[in-house]
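Single-letter residue listing:
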Amino acid sequence: MSPPAVLIVDDEPDLLELVSLTLSRMSLATQTAADIQSAKRLLKTQAFDLCLTDMRLPDGDGLDLVSWMQESHPTVPVAVITAHGNVESAVRALKVGAFDFVSKPLDLGVLRKLVGSALKLGAREDAAATMIQGPRLIGRSPPMQQLREMIVRVARSQAPVHIYGESGTGKELVARLIHESGARSEGPFIAVNCGAIPTELMESELFGHKRGSFTGAVADKKGLMQNAEGGTLFLDEVADLPLHMQVKLLRVVQEKTVRPIGESREETVDVRILSATHKNLAQLVAEGRFREDLYYRINVIEMRVPSLRERREDIPELVESILARLARRMEIETLHLDPAAMQALESYAFPGNVRELENVLERALTLCVGGVITVDNIKLRAAARVETDTGTHTIPVSGGALGDQLEGIERDAIIKALEKTRYNKTAAAKLLGMTFRALRYRIKKLGIE
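These numbers were taken from a predicted model, which means no experiment stands behind them.

### Quick look at the overall build of the chain
Alright, step 1. Counting secondary structure elements, the chain contains 18 helices and 20 strands.
Alright, step 2. Out of the 449 residues belonging to the chain, those deemed buried represent 49%.
Alright, step 3. Within the chain, contacts between residues at least 6 apart in sequence are counted, and of these 68% link residues at least 24 apart.
Alright, step 4. Approximately 21400 Å² of the chain is accessible, and the part contributed by carbon and sulfur atoms is 50%.

Right, here's the structure in full:
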């Protein structure tokens with residue numbers, strides 16, 4: 001089998017020699033071109049697994065070559081070599097389809113990692129398409145089909161991706177699929193909720209620290225950024241990052257380096273940054289609450305996850321999948337919804353999206369009798385009466401903290417049943433109209449014992 005072939009496009013003989021020598025030591029075959037026209041001729045006549053191009057060439061801009069390859073050779077990853085500090089050109093290259101970028105003067109370690117990731121990409125293509133059609137990203141509606149196609153496209157790149165959408169739509173799932181469908185799938189996927197880390201601990205958590213750098217730092221500690229080396233760091237609720245941390249994250253994105261607290265030198269990191277939020281980042285930028293330069297760096301590619309009310313036709317398939325998963329967890333036979341219950345779900349707005357649907361079905365499982373969930377087992381926040389084919393049904397409505405109120409009602413009902421049966425769980429389950437396993441699961445979840 002012939003070795004992978006890389007085309008290097010640059011008009012500097014010294015750089016061509018350096019890159020060619022580095023790649024030959026990786027057992028790769030190389031061809032060189034000094035300008036865009038020569039590169040196009042080679043690409044038309046030979047098969048390449050990767051193209052590396054400088055941004056400034058005698059007969060044009062490296063971006064022109066990137067754009068041309070997106071049209072004529074879309075399966076060949078192309079990475080750009082940029083001048084030191086010229087992040088704007090790197091961002092433009094990523095936006096038009098470049099796989100990644102590396103800055104001059106070349107760090108050969110960074111270059112080798114970039115080439116390795118790019119060459120892994122081809123082997124992931126078929127697997128990626130199969131994975132995204134799998135059961136974890138559920139729904140056949142047009143918005144979900146578009147989302148799948150977008151995941152396939154962005155998985156081919158190393159560009160930062162910002163995923164936005166309402167709470168409960170599945171933004172982390174989308175991030176995981178991007179990671180698992182791309183060249184970094186064998187590396188770690190580290191998810192960080194930026195709103196859950198105390199401000200005073202955030203820098204240490206993300207970038208690590210050296211022993212003795214502050215009170216309590218009794219040993220060296222790697223940060224989450226370093227733990228994601230070779231893989232993906234997913235920054236959920238990135239809008240909650242305080243401004244001083246936004247500055248430090250900007251440097252990571254631009255320079256691909258981090259400096260642990262107490263360390264005098266920076267260290268390179270090979271990490272792809274994915275971020276998400278349910279907030280309007282552009283509005284936060286306008287209000288001065290989020291740095292504009294960071295916004296443009298992490299928002300190179302933007303993806304929107306649709307709300308559940310935009311894809312109501314997916315609800316039956318989602319219901320089937322969620323009920324099957326809950327049944328496996330509770331060790332019971334899978335239950336089903338009657339037509340009125342299904343219609344009630346399909347007519348509801350679901351402000352909490354898929355997460356709310358999961359919670360509604362989990363409660364309904366504990367309330368149903370005879371293996372079928374009826375409309376009276378469904379607890380929704382929508383209008384009190386829902387029109388269905390079988391008539392008008394009343395749906396219980398609760399204001400305020402709905403989840404807490406429903407859990408309180410459920411907890412009281414279970415405690416009363418246990419007290420009435422002298423804590424005989426089998427008898428209490430029968431009294432409540434649920435299986436013993438379902439009762440045991442709810443007791444544990446509600447913390448009754």
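There's more to say after this.
### Topic: the nonpolar core
Alright, step 1. One finds Leu7, Leu65, Ile178 and Met303 to be the most contacted residues of the largest nonpolar core, which totals 48 residues.
Alright, step 2. Not counting the four nearest positions on each side in its chain, Ile178 is found in contact with Ile151, Val154, Ala155, Val161, Ile163, Arg272, Leu274 and Met303.
Alright, step 3. Counting 42 residues, the second-largest nonpolar core is a separate cluster that includes Ala327, Ala341, Val354 and Ile378.

### Quick look at the packing of helix 6 (residues 142-155) against helix 7 (residues 171-181)
The packing of two helices is summarised by the inter-axis angle and the distance between the axes.
Alright, step 1. Contact pair helix 6 / helix 7: the axes reach a minimum separation of 8 Å and the direction vectors enclose 45°. In terms of axis orientation, helix 6 runs oblique to helix 7. Crossing handedness for the pair helix 6 and helix 7: right-handed. Along the contact surface, helix 6 presents Leu147, Ile151, Val154 and Ala155, while helix 7 presents Val174, Leu177, Ile178 and Ser181.
Alright, step 2. Considered class by class, the residues forming the contact of helix 6 with helix 7 number seven nonpolar, one polar and no charged.

### Quick notes on the confidence of the model for the chain
Alright, step 1. For the chain, per-residue confidence averages 85 on the pLDDT scale, and 90% of positions sit at 70 or higher.
Alright, step 2. In the model, residues 126-135 has pLDDT below 50 throughout and makes twelve contacts with residues more than four positions away in sequence or in other chains.
Alright, step 3. In this model, residues 382-403 is a region of pLDDT below 50 whose contacts with residues beyond four sequence positions or in other chains number 39 contacts.

### Let's talk about helix 4 (residues 87-95)
Alright, step 1. Of all the residues in helix 4, the buried ones are Val87, Ser89, Ala90, Val91, Ala93 and Leu94.
Alright, step 2. Against the buried residues of helix 4 lie helix 3 (62-72), strand 6 (78-82), strand 7 (100-103), helix 10 (243-255) and helix 12 (292-298).

### Observations concerning the sheet that holds strand 9 (residues 189-193)
Alright, step 1. Spatially, 9-12-15-8-16 is the arrangement adopted by the five strands of the open sheet, whose pairing is parallel. Every interior strand has two partners, whereas the edge strands, strand 9 and strand 16 (301-304), have only one. Each adjacent strand pair in this sheet contributes to an overall mean axis angle of 20°, direction not counted.
Alright, step 2. Summarising the sheet, strand 8 (residues 161-164) and strand 15 (residues 272-277) pair through four bridges and their orientation is parallel. Paired with Tyr164 across the strands is Thr277, a residue of strand 15.

### Quick notes on the pattern of salt bridges
Alright, step 1. Counted by the stated rule, this structure contains 21 salt bridges.
Alright, step 2. Across the pair Glu12 and Lys104 runs a salt bridge whose closest N-O atoms are separated by 2.9 Å. Of this pair, Glu12 sits in the loop between strand 1 (5-9) and helix 1 (13-24) while Lys104 sits in the loop between strand 7 and helix 5 (108-132), and the two are 92 residues apart along the sequence.
Alright, step 3. Residue Glu12 is classed as partly exposed on the basis of its relative accessible area, which comes to 35%.
Alright, step 4. Salt-bridge contacts for Asp100 lead to Lys256; the nearest nitrogen and oxygen are separated by 3.1 Å. Pair noted here: Asp100 is in strand 7 and Lys256 is in the loop between helix 10 and strand 13 (257-258), with a separation of 156 residues, a long-range link.
Alright, step 5. Since its relative accessible area comes to 8%, Asp100 is described here as buried.

### Remarks on the packing of helix 2 (residues 36-45) against helix 3
Alright, step 1. Here helix 2 crosses helix 3 at 20°, and the two axes come no closer than 10 Å. Taken as axis vectors, helix 2 and helix 3 run roughly parallel relative to one another. Taken as a pair, helix 2 and helix 3 cross one another with a handedness that is right-handed. Across from Ile36, Ala39, Lys40, Leu43 and Lys44 in helix 2, the residues of helix 3 making contact are Asp64, Leu65, Trp68 and Met69.
Alright, step 2. Class assignment for the residues of the contact of helix 2 with helix 3 results in six nonpolar, no polar and three charged.

### Description of the sheet that holds strand 7
Alright, step 1. Pairing is parallel in the open sheet, where five strands are placed in the order 2-1-3-6-7. If you trace the sheet from one side to the other, it starts and ends with strand 2 (29-33) and strand 7, each paired once. Within this sheet the neighbouring strands show an average axis-to-axis angle of 20°, counted without direction.
Alright, step 2. Where strand 1 and strand 2 come together, five bridges link them in parallel fashion. Looking across to strand 2, one finds that Val6 is bridged to Thr30.

### Observations regarding the packing of aromatic side chains
Alright, step 1. The final tally for this structure, using the stated rule, is three aromatic pairs.
Alright, step 2. With centroids separated by 6.1 Å and ring planes inclined at 25°, the aromatic side chains of Phe189 and Phe234 adopt a geometry described as stacked. Linking Phe189 in strand 9 with Phe234 in strand 12 (residues 232-236), this pair joins segments that are 45 residues apart in sequence. Phe234 shares its class with Phe189; the two are buried.
Alright, step 3. When the ring of Tyr348 is compared with that of Phe350, the centres are 4.6 Å apart and the planes differ by 75°; the resulting orientation is edge-to-face.
Alright, step 4. Stacked on the ring of Phe101, the Lys or Arg Lys256 has its end atom at 4.3 Å from the ring centre.

### Considering unusual backbone geometry
Alright, step 1. A cis amide bond links Lys104 to the next residue, Pro105, at an omega of -10°.
Alright, step 2. Relative to the helices and strands, Pro105 resides in the loop between strand 7 and helix 5.
Alright, step 3. At Ser27, a position not held by glycine, the phi torsion is positive, near 65°.
Alright, step 4. Secondary-structure assignment places Ser27 in the loop between helix 1 and strand 2.
Alright, step 5. At Tyr423, a residue that is not glycine, the phi angle is positive and equals roughly 65°.
Alright, step 6. Relative to the helices and strands, Tyr423 resides in the loop between helix 16 (402-420) and helix 17 (425-432).

What counts and how
- Numbering of residues starts from 1 in each chain and follows the order in which that chain's sequence is written.
- Since the coordinates come from a predicted model, pLDDT governs what is reported: local features require at least 70, and pairs of side-chain atoms require 80 or more to be given and counted, while whole-chain, interface and lining totals use all residues.
- Processing note: side-chain calculations cover all non-hydrogen atoms of the structure and skip hydrogens and water entirely.
- Comment: elements are numbered from the N terminus, with helices defined as DSSP H or I runs of at least four residues and strands as E runs of at least two.
- Summary of the burial criterion: residues with accessible area below 20% of their type's maximum are buried, those above 50% are exposed, and those between are partly exposed, where the area comes from a 1.4 Å probe applied to protein chains only.
- Contacts between residues were defined by any pair of non-hydrogen atoms, one from each residue, lying within 4.5 Å.
- Only the protein chains shown count as cover for residues, and the accessible areas themselves come from Shrake-Rupley with a 1.4 Å probe.
- Residues belong to one nonpolar core when they are buried, are Ala, Val, Leu, Ile, Met, Phe, Trp, Tyr or Cys, and are joined through side-chain atoms within 4.5 Å.
- The axes are straight lines fitted to the C-alpha atoms, using for helices just the contacting stretch, and the angles between their N-to-C directions are given from 0 to 180°.
- By the definition adopted for this analysis, an angle is roughly parallel if under 35 degrees, roughly antiparallel if over 145, roughly perpendicular if from 65 to 115, and oblique otherwise.
- Helix crossings get a hand from a simple test, with the near helix turned counterclockwise from the far one by less than a right angle marking a left-handed crossing and a clockwise turn marking a right-handed one.
- Residues were grouped as follows: Ala, Val, Leu, Ile, Met, Phe, Trp, Tyr, Cys and Pro as nonpolar; Asp, Glu, Lys and Arg as charged; and all remaining residues, including Gly, as polar.
- The predictor attaches a confidence to each residue, and that confidence, scored 0 to 100, is pLDDT.
- Paired strands, in this sense, are two strands between which DSSP finds at least two bridges.
- What makes a salt bridge here is a side-chain nitrogen of Lys or Arg within 4 Å of a carboxyl oxygen of Asp or Glu, nothing more.
- Paired rings are identified among Phe, Tyr and Trp, the last through its six-membered ring, by centres lying within 6.5 Å, and are further divided according to the angle between planes into stacked (under 30 degrees), edge-to-face (over 60) and tilted (the rest).
- By the criterion adopted, a ring carries a charge over it if an Arg CZ or a Lys NZ lies within 6 Å of its centre and within 35 degrees of its normal.

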